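Listed below, chain by chain, are the residues.
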Amino acid sequence: VLLQVHGHSSGSDAQSRASLRGDLQDFLGGEAPLHQLEDLTKVNPVTLETVLRCLQVRYMADIFYTNAGCTLVALNPFKPIPELYTPELMQEYHVAPQPQTLKPHIFTVGEQTYRNVKSLIEPVNQSIVVSGESGAGKTWTSRCLMKFYAVVAASPTSWESHRISERIEQRILNSNPVMEAFGKLIPLPLG
Ligand SMILES: Nc1ncnc2c1ncn2[C@@H]1O[C@H](COP(=O)(O)OP(=O)(O)OP(=O)(O)O)[C@@H](O)[C@H]1O
């Protein structure tokens, strides 16, 4: 396949050689494909080393969310990434026909559970388990989810409902210390 690509190239020899080298590097397991892998179950072979390597490469590329089958792995960026948590991005995940096809994000989890709760046919109560060692970002993640629900549940047209949702968001966020007092595992009951 690589040789065929090279054969059809109409660019300069140097250019096509560089592109072939890139393709070969990717093919032989360079770093480029690893950070594009959005699901840890797709690393080959699935070993502790390849999984950690994938997460490391993604972290270095400023990609902090990775799927692991139906679980989401969130890495603490240890720096503010405001563009990752804008209301616009929340809406994007909210209106997507299939949020799981978008980039891995905590908003995918939020939206899937929201849809399960709102499902008219068979609403199902939802729990999200946020676990990790101290400082991993459990509180941050839980707050993100609460903000997400506050934003997507608010009607965009009504100023009054926006005000109410802000009040609810603040109440939920204020309940965090109580929730945390029960342990490091923070369950988010919905519905
Ligand atoms: N996605 C993120 N973006 C920016 N900062 C983050 C993110 N995740 C975590 N942090 C920051 O990392 C620090 C630790 O996160 P957090 O308090 O959520 O950890 P924790 O798992 O709840 O810890 P503990 O179990 O000790 O309470 C916080 O200062 C938080 O702001």
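As shown above, the structure is provided for reference.
Here the residue numbering is sequential within each chain, running from 1 through the sequence in written order. For this predicted model, a pLDDT threshold of at least 70 governs which residues receive local features, and a threshold of 80 or more governs which side-chain atom pairs are given and counted, while totals over whole chains, interfaces and linings are taken from all residues. Water and hydrogen atoms were dropped before computing side-chain values, which therefore reflect all heavy atoms in the structure.

Enquirer: Whenever I open this one, the environment of Gly135 confuses me. Can you help?
Expert: Its location among the elements puts Gly135 in the loop between strand S3 (126–130) and helix H7 (138–153). For Gly135 and His105, which are 30 residues apart along the polypeptide, the C-alpha to C-alpha distance reads 19 Å. Sequence-distant contacts of Gly135, that is, excluding residues within four places in its chain, are made with Asn76 and Phe78. Each helix is a run of DSSP H or I of at least 4 residues and each strand a run of E of at least 2, with the numbering of both proceeding from the N terminus. Residue contacts follow a heavy-atom distance rule, with two residues in contact if any of their heavy atoms lie within 4.5 Å.

Enquirer: Hey, could you run me through the layout of surface pockets in this one?
Expert: The method is simple in principle: a probe with the dimensions of a water molecule rolls over the atoms, and the space it marks as empty is what remains. Whether a set of points on the 1 Å grid over the protein atoms alone is a cavity depends on a 1.4 Å probe fitting there but being unable to get out, while an open set qualifies as a pocket with protein on both sides within 12 Å along at least five of seven lines; lining residues are those with an atom within 4 Å of a point. Grid points are joined across faces, edges and corners, and a volume is the space filled by probe spheres set on the points. Approximately 720 Å³ is the volume found for the largest pocket. Forming the walls of the largest pocket are 27 residues, and the residues nearest its centre are Thr71, Leu72, Val73, Ala74 and Val109. Taken together, the elements giving at least two residues each to the lining of the largest pocket come down to strand S2 (71–74), helix H6 (106–118), S3 and H7. Under the scheme applied here, ten amino acids are nonpolar (Ala, Val, Leu, Ile, Met, Phe, Trp, Tyr, Cys and Pro), four are charged (Asp, Glu, Lys and Arg), and all others, including Gly, are polar. Taken together, the residues of the lining of the largest pocket sort by class into 14 nonpolar, 11 polar and two charged.

Enquirer: Help me out: how do you make sense of the packing of helix H5 (residues 87–95) against H7 in this one?
Expert: Each pair of packed helices gets described by two things: the angle between the helix axes and the distance between those axes. Helix axes use the C-alpha atoms of the stretch in contact, all axes being lines fitted to C-alpha atoms, and the angles between their N-to-C directions lie in the range 0 to 180 degrees. Running from N to C, H5 and H7 cross one another at 70°; their axes reach a closest spacing of 10 Å. Comparing the axis directions of H5 and H7 gives the class roughly perpendicular. Across from Met90, Gln91 and His94 in H5, the residues of H7 making contact are Lys147, Phe148, Val151 and Val152. Broken down by class, the residue content of the contact of H5 with H7 amounts to four nonpolar, two polar and one charged. Oblique is the label for any angle not covered by the other classes, which are roughly parallel (under 35 degrees), roughly antiparallel (over 145) and roughly perpendicular (65 to 115).

Enquirer: Would you mind going over the environment of Asp62 with me for this structure?
Expert: Among the structural elements, Asp62 can be located in the loop between helix H4 (48–60) and strand S1 (65–68). When the C-alpha atoms of Asp62 and Leu173 are compared, they prove to be 27 Å apart, with 111 residues separating the residues in sequence. Any pair of N or O atoms that falls within 3.5 Å is considered a polar contact. Within protein, one atom must be able to donate a hydrogen and the other to accept it, and sequence-neighbouring residues count only if both atoms are side-chain atoms. A polar contact of 3.1 Å, which involves the side chain of Asp62, links it to the side chain of Lys79.

Enquirer: In this structure, what is going on with the packing of aromatic side chains? I would like to understand it.
Expert: Aromatic rings considered in pairs are described by the distance between their centres and by the relative angle of their planes. Aromatic pairing here means that ring centres of Phe, Tyr or Trp (its six-membered ring) are within 6.5 Å. Orientation follows from the plane angle: under 30 degrees is stacked, over 60 is edge-to-face, and everything else is tilted. Inspection of every chain in the model, using the stated rule, returns seven aromatic pairs. The interplanar angle of 75° and the centroid separation of 5.5 Å between the aromatic rings of Tyr85 and Trp140 together place this pair among those described as edge-to-face. Taken as a pair, Tyr85 in the loop between S2 and H5 and Trp140 in helix H7 lie far apart in primary sequence, 55 residues in all. For the ring pair Phe148 and Tyr149, a centre distance of 5.7 Å and an interplane angle of 75° mean the geometry is edge-to-face. For each residue, the accessible area found with a 1.4 Å probe, counting protein chains only, is set against the maximum for its type, and the residue is called buried under 20%, exposed over 50%, and partly exposed in between. For Tyr149, a relative accessible area of 12% translates into the label buried. The rings of Tyr85, Tyr93, Phe107, Tyr114, Trp140, Phe148 and Tyr149 are connected pair by pair, giving a single aromatic cluster.

Enquirer: Before we go on, may I ask you to explain the site of the ligand in this structure?
Expert: Nearness is judged by heavy atoms alone; a residue qualifies as near a molecule or strand once a single heavy atom is within 4 Å of it. Surveying the vicinity of the ligand reveals 14 residues, the closest of which are Asn76, Ser134, Gly135, Lys138 and Thr139. At 2.9 Å, a backbone N or O of Gly135 approaches an oxygen atom of the ligand. Contacts to the ligand include Trp140, whose backbone N or O atom sits 2.9 Å from an oxygen atom. To be clear on the numbers: accessible area is Shrake-Rupley with a 1.4 Å probe, and residue cover counts the displayed protein chains and nothing else. Starting from 630 Å² of accessible surface for the ligand in isolation, the protein chains cover 73%. Considering every element that reaches the shell around the ligand, the biggest residue donor is H7, with three residues. Of the residues contributing to the shell around the ligand, the split by class is four nonpolar, five polar and five charged.

Enquirer: Explanation requested: H4 in the structure shown.
Expert: Within an α-helix, residues lying three or four positions from one another point in the same direction, as the helix has 3.6 residues per turn. To estimate how far a helix should extend, the number of its residues minus one is multiplied by 1.5 Å. With 13 residues, H4 should cover 18 Å at 1.5 Å per step; its first-to-last C-alpha distance of 18 Å lies within 8% of that length. When we look at burial in H4, the residues that qualify are Thr50, Val51, Cys54, Leu55, Val57 and Arg58. Along the axis of H4, the buried positions cluster into a sector of 165°, meaning they face one direction only. For H4, the exposed residues set more than 90 degrees away from the buried face come down to Leu48, Glu49 and Met60. The arc under discussion is defined with respect to the helix axis, by the directions toward the C-beta atoms.

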